[in-house]
Amino acid sequence: MQKVIITGGTGYIGSHTVVEFQNAGYEVVIIDNLSNSNIEVVDGIESITGKRPQFYKADVACHKAVDDVFSKHDDAIAVIHFAAYKAVGESVKKPLLYYHNNVQGIVNVLDKMQEYNILNLVFSSSCTVYGQPEKLPVTEESPVVKPESPYGNTKKINEEIIVDTLNSTRKLKAISLRYFNPIGAHESAKIGELPLGVPDNLLPYITQTAIGLRKELSVFGDDYNTPDGTAIRDYINVTDLAKAHVKAVSRLTEDHDRFEVFNVGTGKGSSVMEIILAFERSTGQELKYKIVDRRAGDVEQVWADTTKANTVLGWKAEKTLDETVKSAWEWEKRVRGESV
Ligand code: UFG
């Protein structure tokens, strides 16, 4: 059985990715420091797949911790690197925390991959590296700009560190997946997104409002240059996104370019109002919301051209927006202990 190491494997996207690798027949080793997740996620993964992944509570920003795990698992064929801080607003307030954790993490991972001959890397990147693109949809050839936030900048810097490292050694290969907006939860509702405190992101805020934890959703701006005035994103189902990582590892083990980038989205933009309507339609819940000012740092509209992922990677988003939004609601109800 082929083995992969997944850093950040108990996090939101990481946990769904562990499930898809196990379902595809891989053995999975997780490294996670549980700074933004909890150990029960491993139970959820086991309950879905019937198999418990190996778990190490360890911090990828700690060189020795990465060495301990990689030295024991030098038979792994790939590393999928998620472990990183991800709150855009927090990164503006605490840039050094983000640069330390997110940059030291990739440095340690690449260093130990070289040392132990683990040759393939899948990196968790973001469409934030494109900023507000001039042309939509965004292709992988669209210019990369300096992102608005330190968090976004760590994604750009991570890609640069990967490319420089690959250029220095003929051994390693890497695929960077640039995610658009991941939403939803596993269809079993046994794993999903677990934001700490007040959620920054749209979907968790919506589900927490509908369940009564928040008074109402604030829609950040209705004066954008879009059909209904609210901002547009490409919302991608988290399980669909997870499957792209399995495809990426298959591709890395074949003969191809040493560094490739893929946009991972649906190819379709949805406005904030369209998401609210999809939520109400698919769950039968009415959502309280009000229009407020724009949020600083938000781009107006962005969605992916997914042609390269569809044709070269052989991956395509499958789930509909309604079923994805509904899966987020089923998860919220389960987390809050309401009957599903
Ligand atoms: N929004 C609201 N109200 C809320 C939360 C969000 O109206 O309470 C709006 C935002 O203004 C935006 C849209 O919903 O128009 C999506 O916002 P999210 O915060 O869910 O997502 P972002 O597009 O801001 O950010 C996401 C990821 C980042 C990543 C970025 C790349 O959270 O990690 O995409 O564009 F960097």
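None of the values given here were measured: they were computed from a predicted structure.

**Observations regarding empty space enclosed by the protein**
For step 1, the next point in the chain: This structure, assessed with the given rule, holds three cavities of 30 Å³ or more.
For step 2, the next point in the chain: One number sums up the size of the largest cavity: a volume of about 80 Å³.
For step 3, the next point in the chain: Taken together, Gly184, Ala185, Glu193, Pro195, Leu203, Pro204, Thr207, Ala328, Trp331 and Glu332 make up the lining of the largest cavity.
For step 4, the next point in the chain: Only α7 (202-210) and α11 (321-335) provide two or more residues apiece to the lining of the largest cavity.

**Regarding the pairing of strand β4 (residues 78-81)**
For step 1, the next point in the chain: Of the two faces of β4, the one lined by Ala78 and Ile80 and the one lined by Val79 and His81 are each fully buried.
For step 2, the next point in the chain: With four bridges connecting them, strand β1 (residues 3-7) and β4 associate as parallel partners. Across the sheet, the residue bridging to Thr7 is His81, located in β4.

**Thoughts on the packing of aromatic side chains**
For step 1, the next point in the chain: Taken as a whole, this structure holds three aromatic pairs when the rule is applied.
For step 2, the next point in the chain: Both rings, one in Phe21 and one in Tyr26, keep their centres 5.0 Å apart while their planes meet at 75 degrees; by these two values the pair is edge-to-face. Tyr26 carries the same exposure label as Phe21, and that label is buried.
For step 3, the next point in the chain: Ring geometry for Tyr85 and Tyr98: centres 5.5 Å apart, planes at 55 degrees, overall tilted. Of this pair, Tyr85 sits in the loop between β4 and α4 (88-93) while Tyr98 sits in helix α5 (residues 95-116), and the two are 13 residues apart along the sequence.
For step 4, the next point in the chain: By relative accessible area, which is 0% here, Tyr98 ends up buried.
For step 5, the next point in the chain: The lysine or arginine in question, Arg294, covers the ring of Tyr224, its NZ or CZ lying 4.0 Å from the ring centre.

**Let's talk about the packing of helix α1 (residues 12-23) against helix α8 (residues 238-252)**
Each pair of packed helices can be summarised by the angle the axes make with each other and by the distance between the axes.
For step 1, the next point in the chain: With their axes 8 Å apart at the nearest point, α1 and α8 run at an angle of 60 degrees to one another. Classified by the interaxial angle, the pair formed by α1 and α8 is oblique. When you trace α1 past α8, the crossing you get is right-handed. For the pair formed by α1 and α8, the contact residues are Tyr12, Ile13, His16, Thr17, Glu20 and Phe21 on the first element and Val238, Thr239, Leu241, Ala242, Lys243, His245, Val246 and Val249 on the second.
For step 2, the next point in the chain: Within the contact of α1 with α8, the residues separate by chemical class into eight nonpolar, four polar and two charged.

**Quick look at the sheet that holds β1**
For step 1, the next point in the chain: Judged by pairing direction, the sheet is parallel, and its seven strands sit side by side in the order β3-β2-β1-β4-β5-β6-β11 without closing on themselves. The sheet is open, and its two edges are formed by β3 (54-57) and β11 (259-264), each paired on a single side. Here the strands of the sheet are splayed against their neighbours by 20 degrees on average, with no regard to which way each runs.
For step 2, the next point in the chain: Strand direction decides the pairing type here: strand β5 (residues 120-126) and strand β6 (residues 173-179), joined by seven bridges, are parallel.

**Focus on the pattern of salt bridges**
For step 1, the next point in the chain: Under the criterion given, the structure shown has 21 salt bridges.
For step 2, the next point in the chain: Between Glu330 and Lys326 there is a salt bridge; the shortest N-O distance is 3.1 Å. You can see Glu330 and its partner Lys326 sitting in helix α11, four residues apart, about one turn around the helix.
For step 3, the next point in the chain: On the basis of relative accessible area, Glu330 is assigned to the buried category, the value being 15%.
For step 4, the next point in the chain: Each of Asp43, Glu46 and Arg52 takes part in a single network of salt bridges with overlapping partners.

**Topic: the side chain of Asn153**
For step 1, the next point in the chain: Along the polypeptide, Asn153 turns up in helix α6 (residues 150-168).
For step 2, the next point in the chain: Residue Asn153 is classed as buried on the basis of its relative accessible area of 8%.
For step 3, the next point in the chain: Here Asn153 is in contact with Tyr99, Lys146 and Pro147, once residues within four sequence places are set aside.

**With respect to α7**
For step 1, the next point in the chain: Counting buried residues in α7 gives eight out of nine residues, a clear majority hidden from the surface.
For step 2, the next point in the chain: Buried residues of α7: Leu202, Leu203, Pro204, Ile206, Thr207, Gln208, Thr209 and Ala210, and no others.
For step 3, the next point in the chain: Summarising the contacts, the buried residues of α7 are in contact with β7 (181-183), β8 (217-220), β10 (235-237), α9 (272-283) and α11.
For step 4, the next point in the chain: One or two steps after α7, the chain reaches Gly212, where phi turns positive at roughly 100 degrees.

**Observations regarding the site of the ligand**
For step 1, the next point in the chain: In the vicinity of the ligand there are 19 residues, among which Asn201, Ser218, Arg233, Arg295 and Asp298 approach most closely.
For step 2, the next point in the chain: Asp200 has a polar backbone atom sitting 3.4 Å from an oxygen atom of the ligand.
For step 3, the next point in the chain: Within the backbone of Phe220, an N or O atom sits 2.9 Å from an oxygen atom of the ligand.
For step 4, the next point in the chain: Split into classes, the residues belonging to the shell around the ligand amount to 10 nonpolar, five polar and four charged.
For step 5, the next point in the chain: When residues of the shell around the ligand are assigned to domains, at least three fall in each of domain 1 (3-183 + 236-264) and domain 2 (202-233 + 267-335).

**Notes on the domain arrangement of the chain**
For step 1, the next point in the chain: Segmenting the chain into domains produces domain 1 (3-183 + 236-264) and domain 2 (202-233 + 267-335).
For step 2, the next point in the chain: Centre-to-centre separation of domain 1 and domain 2, based on C-alpha positions: 24 Å.
For step 3, the next point in the chain: The partner domain 2 presents 23 residues to the 27 residues of domain 1 that form the contact.
For step 4, the next point in the chain: Of the roughly 2,200 Å² buried where domain 1 meets domain 2, counting both sides, 67% is carbon and sulfur surface.
For step 5, the next point in the chain: For the pair domain 1 and domain 2, the number of links is one salt bridge.
For step 6, the next point in the chain: The shortest N-O distance in the salt bridge between Glu318 and Lys243 comes to 4.0 Å.
For step 7, the next point in the chain: Taken together, the links from domain 1 to domain 2 amount to 11 residue pairs in polar contact (both at pLDDT 80 or more).
For step 8, the next point in the chain: Among the secondary structure elements, those contributing two or more residues to the side of domain 1 that touches domain 2 are β7, β10, α8 and β11.
For step 9, the next point in the chain: The greatest single-element share of the side of domain 1 that touches domain 2, amounting to seven residues, is contributed by α8.
For step 10, the next point in the chain: Of the residues that constitute the side of domain 1 that touches domain 2, the class distribution is 14 nonpolar, six polar and seven charged.

The rules behind these values
Each chain carries its own residue numbering, running from 1 in the written order of its sequence. Per-residue local features of the predicted model are confined to residues with pLDDT of at least 70, and side-chain atom pairs are confined, for both listing and counting, to 80 or more; whole-chain, interface and lining totals are unaffected and use all residues. Where side-chain values are given, they derive from all heavy atoms of the structure, hydrogens and water being excluded. Both cavities and pockets are sets of points on a 1 Å grid over the protein atoms alone; in a cavity a 1.4 Å probe fits but cannot get out, in a pocket the set is open with protein on both sides within 12 Å along at least five of seven lines, and lining residues sit with an atom within 4 Å of a point. Grid points are joined across faces, edges and corners, and a volume is the space filled by probe spheres set on the points. Only DSSP runs of H or I reaching four residues or more are called helices, and only runs of E reaching two or more are called strands; each is numbered from the N terminus. Each residue gets one of three labels from its accessible area relative to the maximum for its type: buried under 20%, exposed over 50%, partly exposed in between, using a 1.4 Å probe on protein chains only. Strands were regarded as paired on the criterion that DSSP finds at least two bridges between them. Between the rings of Phe, Tyr and Trp (Trp by its six-membered ring), a pair exists once the centres lie within 6.5 Å; its type follows the angle of the planes, with under 30 degrees stacked, over 60 edge-to-face, and the other angles tilted. Here, a charge over a ring means that NZ of Lys or CZ of Arg falls within 6 Å of the ring centre while also lying within 35 degrees of the ring normal. Working convention: axes come from line fits to C-alpha atoms, limited for helices to the stretch in contact. Angles between N-to-C directions cover 0 to 180 degrees. Should an angle lie under 35 degrees it is considered roughly parallel, over 145 roughly antiparallel, and from 65 to 115 roughly perpendicular; all remaining angles are considered oblique. What makes a crossing left-handed is the near helix being turned counterclockwise from the far one by less than a right angle; a clockwise turn instead makes it right-handed. Here, residues are in contact when the closest pair of their heavy atoms is within 4.5 Å. Side-chain classes follow a simple rule in which Ala, Val, Leu, Ile, Met, Phe, Trp, Tyr, Cys and Pro form the nonpolar group, Asp, Glu, Lys and Arg form the charged group, and the remainder, Gly included, forms the polar group. By salt bridge we mean one thing: a side-chain nitrogen of Lys or Arg within 4 Å of a carboxyl oxygen of Asp or Glu. Proximity criterion: a residue is near a molecule or strand once any of its heavy atoms comes within 4 Å of it. Any pair of nitrogen or oxygen atoms within 3.5 Å is treated as a polar contact; in protein, a donor-acceptor pairing is required on top of that, and neighbouring residues in sequence qualify only through side-chain atoms on both sides. Those domain boundaries reflect an automatic or database domain assignment. Take the accessible area each of two parts loses on contact, using a 1.4 Å probe, and add the two losses: that sum is the buried area.

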